[in-house]
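Observations on chain architecture
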Amino acid sequence: MEIYFLLLLIFLFNLCCVASEASLKYIFILEKHDVDVPEQIATAIKTIEKAKPGLRVGDDIIFLDRENEEDAYNQLCSSISKGVSLIIDLSWASWEMGSGLPIIRASLDSQDLITAMNSYLESRNATDAAILVQSENDVDRTLYTLLGKSNVRVWVNSGLTRDSARSLSKMRPDPSFYIIAGDRNFVTRTYKRAVKEKLVRRDYRWNLVINDYEPFDPAVLVLPSVILQIDTNECCKLIGVSECTCPANTQRKQLILTNLLQYISETCITLNIGLTKMTCDEHNNDTMEPIVIFKNGGNESLFYWNDEDLNLRSPFILSTFKPTEGLQRAASWSSNEEYKTLQGFEFEPLRDFFRIGTYPAVPWTLPKLDPVTGDAMYTEDGQPLYGGYCVDLIEKIAEETDIAISALTMTAEREEVIDFVAPYFEQTGILIVIRKPIRKTSLFKFMTVLRTEVWLSIVAALLLTGLMIWLLEKYSPYSARNNPDAYPYPCREFTLKESFWFALTSFTPQGGGEAPKALSGRTLVAAYWLFVVLMLATFTANLAAFLTVERMQTPVSSLEQLARQSRINYTVVEGSTVHQYFINMKFAEDTLYRVWKEITLNATSDQAQYRVWDYPIREQYGHILLAINASGPVPDAKTGFRQVNEHAEADFAFIHDSAEVKYEITRNCNLTEVGEIFAEQPYAIAVQQGSRLQEDLSRTLLDLQKERFLEQLASKYWNETARQTCPDADESEGITLESLGGVFIATLFGLGLAMVTLAWEVFYYKRKENKVNVLEKPKKMAFSKVRKRKGPITIGDSFKPVSHINVNPKNYIP
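Computed from a predicted model, the values in this text were never measured in an experiment.

**Side note on the sheet that holds strand 4 (residues 103-106)**
Each strand in a sheet pairs with its neighbour through backbone hydrogen bonds, running either in the same direction (parallel) or in the opposite one (antiparallel). Judged by pairing direction, the sheet is mixed, and its six strands sit side by side in the order 2-1-3-4-11-10 without closing on themselves. Of all the strands in the sheet, just strand 2 (56-64) and strand 10 (303-306) have a single pairing partner and so form its edges. Averaged over all neighbouring strand pairs, the angle between strand axes comes to 30°, with direction disregarded. Most of the contacts of helix 2 (residues 37-51) go to strand 2, to which it runs at about 165°, and overall it touches strand 1 (23-31) and strand 2.

This is the structure we're talking about:
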């Protein structure tokens, strides 16, 4: 009995001895660029075997080539067929190698710091960021870390050289945040280079991510910045002490790898996990059991499971720095916790930063001009200043958020790649602009209402009527002149002069005055009055129509008329949306005609219903496009408006965006629009598909519409009152003086002629009076000699005193 007991003790002792000499084998999956990791793995295994006497750890390393994963898979199958305890995937992106394999994924790099910085950026409503990392491998790791997990658009580059700094400075718009991620020396060196290249320009936009335990000197910072680093307590935990001063040049990656392998090895020994041989085709659910135990257990002080990865519980410290205040801790959390700021701390508010996309277009976005010199204005760093409808709207919306706005129409093609918010400019389209014809003004334009032969016929009728009235008055026995007994009261005597005056004054509303008394004369006058009435009515109607048409001198009034004529040339801006519109419409016409032709040629039931020459659509866009190509598209709108202005005969038109056409018309009195707006579309703000800004911007635009801000902008840039300064601004209100100036000249001529006639009358009267005085002078002289005799003079039977004789007192001699 004792012998059996002794044999049992020997067996148990041997069993314990065999168990104490455990053997493990790990297969490590590495990226092909991780050439330094095998040495770190060997160092970690030596450290573990030294701490665990009797433990033997084997390793097999497989470098994963993403472009040729088949070789790595074949190598993996060969390794597991020889026996494996666990597969440890240390690549920076998960590799799906098949189910049933005992695989643990872990990370040795500092990508958890990038994830922590991303949490901070999203809390600041960042839309994009430029990230500078140490190596090309870090570029790939960073992109794979943020891919699908971040809402921030990133630009990642290895280091900061002169060329990359130039590219970063020319990036438009500037990134809203900049990140430098790496060890202390790299972060310090790169930040100084950024300052030298004048990239550090805004507060709290540069974020420094330090992935080692070396202390960082914030004295190199020139503007307020944010610093993210690892709490040095992590170093103490990895070393295995509660409090310590982390040794200089501590390799964090080596410490993480050593503790990771130690934790995995201890768990394998505890769970009695040894070597397992299998093939890639073999599906063994038992091999997944250790992984489940890893997930449910674990060292709570160092590692934790996140989904399917074994991660280090890293403590992060986020601090802000101001040159005047120094460092201030803003947040402290671990990699397995959500980011949140410390109680009582608040970041200084930063305005949201978005990409602003616009392009020059009148009057939407145009360079600002100096009001004195008229030259373009620039910022201090040489960037041009812009104004206009869109810029004013951007500045208004910026009181809530910043966003990009330009003259962008809503189209189905654009809707496929971007999202539109509510329109800010309801309708715009295509409009034709042409120069106003230069009217040939004439002071005697009213004389052109009737042709020359008509005027001569009227004068002839007037003269003939006056002559006939004189003849009838002279020879008619019933006229007032030849029949005085019938008219005892004074009557008008129709001499030749008076007859012509009657015929002339009959053309006036006042009338010709008293008419002849004879029936023959009255018959002539009645016929003449009918002629006068008809001629006056005809002249008045034609004059009104003539002056109205004169104010409406527009060669064409629609796109259809423009397409049907050949005198007026027209063009568009090459490659513009207007140009593309006519190309699309011509393509539609060709397509419709081709379909119609196929219908007519294939019709078998009733040929009379479908005849190719009875095409029901009138083709015009093909002719328009040919005319545009013949004239030659212009490179820009400025050239198009200039060519229109140069054609004073109104024989050139420009087809362009209606909003810009109306703006130019308010600034140039020579231009006028033709026809109605066609191909109408609204202008709207564009955002990325699925952007969270769409709802906010729509609400903002609705508020601006309630405030009538958009109406104020429209009246500011399309100011119709400026048109009143044009010389012909009152055309619609009345007839210009140039059109009827000859009437006033004729009146003034009549006044002058009357004054000349008056002078002639006075002269004629004086001359006649002097002639009469000369003939009567001898009689007066004889009478004077008789009066020299003394005594009274008796003539006839009675006596009459001399004093009653009508003589000049000067000639009287007593």
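This is not the end of the story, as more comes after the structure.
**Notes on unusual backbone geometry**
Located in the positive-phi region is Ala 650, a residue other than glycine, with phi close to 55°. Positive phi values are uncommon outside glycine, yet Arg 708 reaches one of about 60°. Looking at where Arg 708 falls in the secondary structure, it is placed in the loop between helix 21 (693-706) and helix 22 (709-717).

**Section: the environment of Ala 330**
Looking at the secondary structure, you find Ala 330 in strand 13 (residues 326-334). Assessed through its relative accessible area of 0%, Ala 330 is described here as buried. Measuring from C-alpha to C-alpha, the distance between Ala 330 and Ile 317 comes to 7.8 Å, with 13 residues separating the pair along the chain. With residues up to four places along the chain from it excluded, the contact list for Ala 330 reads Leu 318, Ser 319, Thr 320, Thr 341, Leu 342, Phe 345 and Phe 347.

**A few points about the side chain of Glu 234**
Within the element layout of this structure, Glu 234 appears in helix 8 (residues 233-239). With sequence-adjacent residues up to four places away left out, Glu 234 is seen in contact with Tyr 213, Arg 252, Leu 312, Arg 313, Ser 314 and Pro 315.

**A word on the sheet that holds strand 6 (residues 153-158)**
Judged by pairing direction, the sheet is mixed, and its seven strands sit side by side in the order 6-5-7-8-9-12-13 without closing on themselves. At either margin of the open sheet sits one strand with a lone partner, and together these are strand 6 and strand 13. Recorded for the sheet is a direction-independent mean angle of 20° between the axes of neighbouring strands. Contacting strand 5 (128-133), strand 7 (177-182), strand 8 (206-210) and strand 9 (225-230), helix 7 (residues 184-196) runs over the sheet at an angle of about 145° to strand 7.

**Observations concerning a nonpolar patch on the surface**
Together, Phe 749, Leu 753 and Val 756 line one region of the surface with nonpolar side chains, adding up to about 330 Å² of accessible area. Structurally, the position occupied by Val 756 is in helix 23 (residues 737-786). Look at Val 756 and you get exposed, because its relative accessible area is 54%.

**With respect to the pairing of strand 6**
Here strand 5 pairs with strand 6 via six bridges, running parallel. By the bridge assignment, Leu 132 is partnered in strand 6 with Asn 157. The parallel pair strand 5 and strand 6 is bridged by helix 5 (residues 136-146), and the resulting crossover is right-handed.

**Notes on the state of the cysteines**
Summed over all chains, the structure comprises one disulfide. One disulfide in the model links Cys 235 with Cys 246; its S-S distance is 2.1 Å. On the sign convention where negative is left-handed, the bridge of Cys 235 and Cys 246, at about 75° about the S-S bond, is right-handed. Separated by 11 residues along the polypeptide, Cys 235 in helix 8 and Cys 246 in the loop between helix 8 and helix 9 (252-270) bring together distant segments of the chain.

**Comments concerning the nonpolar core**
Counting 66 residues, the largest nonpolar core has Tyr 26, Leu 90, Leu 121, Leu 228, Ile 264, Leu 310 and Leu 318 as the members making the most contacts within it. No other element matches helix 9, which puts eight residues into this core. Composition of this core by domain shows at least three residues from each of domain 1 (24-106 + 266-286) and domain 2 (111-210 + 214-249 + 300-341). Setting aside residues up to four positions removed in sequence, Leu 318 forms contacts with Tyr 120, Val 226, Ile 227, Leu 228, Gln 328, Arg 329, Ala 330, Ala 331, Trp 333, Tyr 339 and Phe 347.

**Brief notes about the pattern of salt bridges**
According to the stated counting rule, one finds 16 salt bridges in the structure shown. Asp 112 is the partner of Arg 252 in a salt bridge, and the nearest nitrogen-oxygen pair spans 3.6 Å. Placement of the pair is Arg 252 in helix 9 and Asp 112 in helix 4 (residues 111-123), with a sequence separation of 140 residues. Using a relative accessible area of 5% as the deciding quantity, one classes Arg 252 as buried.

**Details of helix 4**
An α-helix turns once per 3.6 residues; consequently, residues spaced three or four apart project the same way. Taking 1.5 Å per residue, 13 residues should reach 18 Å; helix 4 reaches 19 Å between its end C-alpha atoms and fits that length. Among all positions in helix 4, only Gln 111, Leu 113, Ile 114, Ala 116, Met 117, Asn 118, Tyr 120 and Leu 121 are buried. Phi turns positive one or two residues past the end of helix 4, at Asn 125, with a value near 60°.

**Brief notes about helix 3 (residues 69-80)**
Over its 12 residues, helix 3 runs 17 Å from end to end, which matches the ideal 16 Å to within 8%, given 1.5 Å per residue. Listed as buried for helix 3 are Ala 72, Leu 76, Cys 77, Ser 79 and Ile 80. Down the axis of helix 3, the buried set is contained in an arc of 160°. They therefore lie on one face. For helix 3, the secondary structure elements touched by its buried residues are strand 1, strand 2 and strand 3 (86-89).

**Some words on the side chain of Arg 205**
One can find Arg 205 in the loop between helix 7 and strand 8. Since its relative accessible area comes to 8%, Arg 205 is described here as buried.

**Describing the packing of helix 2 against helix 9**
How two helices pack is summed up by the angle between their axes together with the distance between the axes. It is the contact of helix 2 with helix 9, at a shortest axis distance of 9 Å, that shows an interaxial angle of 50°. The orientation of helix 2 relative to helix 9 falls into the category oblique. As helix 2 packs across helix 9, the resulting crossing turns out to be right-handed. Here Val 37, Gln 40, Ile 41, Thr 43, Ala 44, Ile 45, Thr 47 and Ile 48 of helix 2 lie close against helix 9, whose contacting residues are Lys 253, Gln 254, Leu 257, Thr 258, Leu 261, Gln 262 and Ser 265. Residue classes in the contact of helix 2 with helix 9 are distributed as seven nonpolar, seven polar and one charged.

**As for the UniProt feature "site: Crucial to convey clamshell closure to channel opening" (unreviewed entry) in the protein**
UniProt's entry tags Val 556 with the feature "site: Crucial to convey clamshell closure to channel opening" (unreviewed entry), counted in the numbering of this structure. Positionally, Val 556 belongs in the loop between helix 15 (519-551) and helix 16 (559-564). Beyond its immediate stretch of four places on either side in the chain, Val 556 contacts Gln 561, Leu 562, Gln 565, Ile 568 and Val 674.

**Some remarks on the packing of aromatic side chains**
Taken as a whole, this structure holds 22 aromatic pairs when the rule is applied. An angle of 80° between the planes, with centres 6.2 Å apart, marks the rings of Tyr 26 and Phe 28 as edge-to-face. This pair shows no difference in class: Tyr 26 is buried, exactly as Phe 28 is. One aromatic cluster is present, formed by Tyr 120, Phe 316, Trp 333, Tyr 339, Phe 345 and Phe 347 through successive ring pairs. Over the aromatic face of Phe 177 sits the side chain of Arg 205, whose NZ or CZ is 5.2 Å from the ring centroid.

**Re the confidence of the model for the protein**
Detailed reading of the predicted coordinates is not advisable wherever pLDDT falls low. The pLDDT averaged across the protein works out to 77; a share of 78% of its residues lies at or above 70. Low pLDDT, under 50, characterises residues 783-790; the predicted model gives this stretch nine contacts beyond four residues in sequence or across chains. Counting interchain partners and residues more than four positions distant, the pLDDT-below-50 stretch residues 802-814 has eight contacts.

**A look at the environment of Thr 145**
When you line up the elements, Thr 145 lands in helix 5. Its relative accessible area of 12% is what places Thr 145 among the buried residues. Considering only alpha carbons, one finds Thr 145 and Asp 112, 33 residues apart in sequence, at a separation of 8.5 Å. A polar atom in the side chain of Thr 145 sits 2.6 Å from the backbone oxygen of Arg 141.

What counts as what
Residues numbered from 1 in each chain as written. Predicted model: local features only at pLDDT ≥ 70, side-chain atom pairs only at ≥ 80, totals over all residues. Heavy atoms only, no water. Pairing = 2+ DSSP bridges. Helix = DSSP H or I, 4+ residues; strand = E, 2+ residues; numbered from the N terminus. Axes fitted to C-alpha atoms, helices over the stretch in contact; angles between N-to-C directions. Contact = heavy atoms within 4.5 Å. Buried < 20%, exposed > 50% of the residue type's maximum accessible area, 1.4 Å probe, protein only. Patch = residues over 30% accessible without salt bridge, like charges linked within 9 Å, V, L, I, M, F, W, Y side chains within 5 Å. Areas by Shrake-Rupley, 256 points an atom, 1.4 Å probe, with all protein chains shown as cover. Salt bridge = Lys/Arg side-chain N within 4 Å of Asp/Glu carboxyl O. Right-handed = clockwise from strand over helix to strand, strands pointing away. Disulfide = S-S within 2.5 Å. Core = buried A, V, L, I, M, F, W, Y, C linked by side-chain atoms within 4.5 Å. Domains from an automatic or database assignment. Expected span 1.5 Å × (residues − 1). Arc of directions from axis to C-beta. Parallel < 35°, antiparallel > 145°, perpendicular 65-115°, else oblique. Left-handed = near helix turned anticlockwise from the far one by under 90°. Nonpolar A, V, L, I, M, F, W, Y, C, P; charged D, E, K, R; others polar. UniProt positions renumbered as here; feature names shortened; annotations may be inferred. Phe/Tyr/Trp six-rings, centres within 6.5 Å; stacked < 30°, edge-to-face > 60°. Lys NZ or Arg CZ within 6 Å of the ring centre and 35° of its normal. pLDDT = per-residue confidence, 0-100. Polar contact = N/O pair within 3.5 Å; in protein donor to acceptor, adjacent residues only side chain to side chain.

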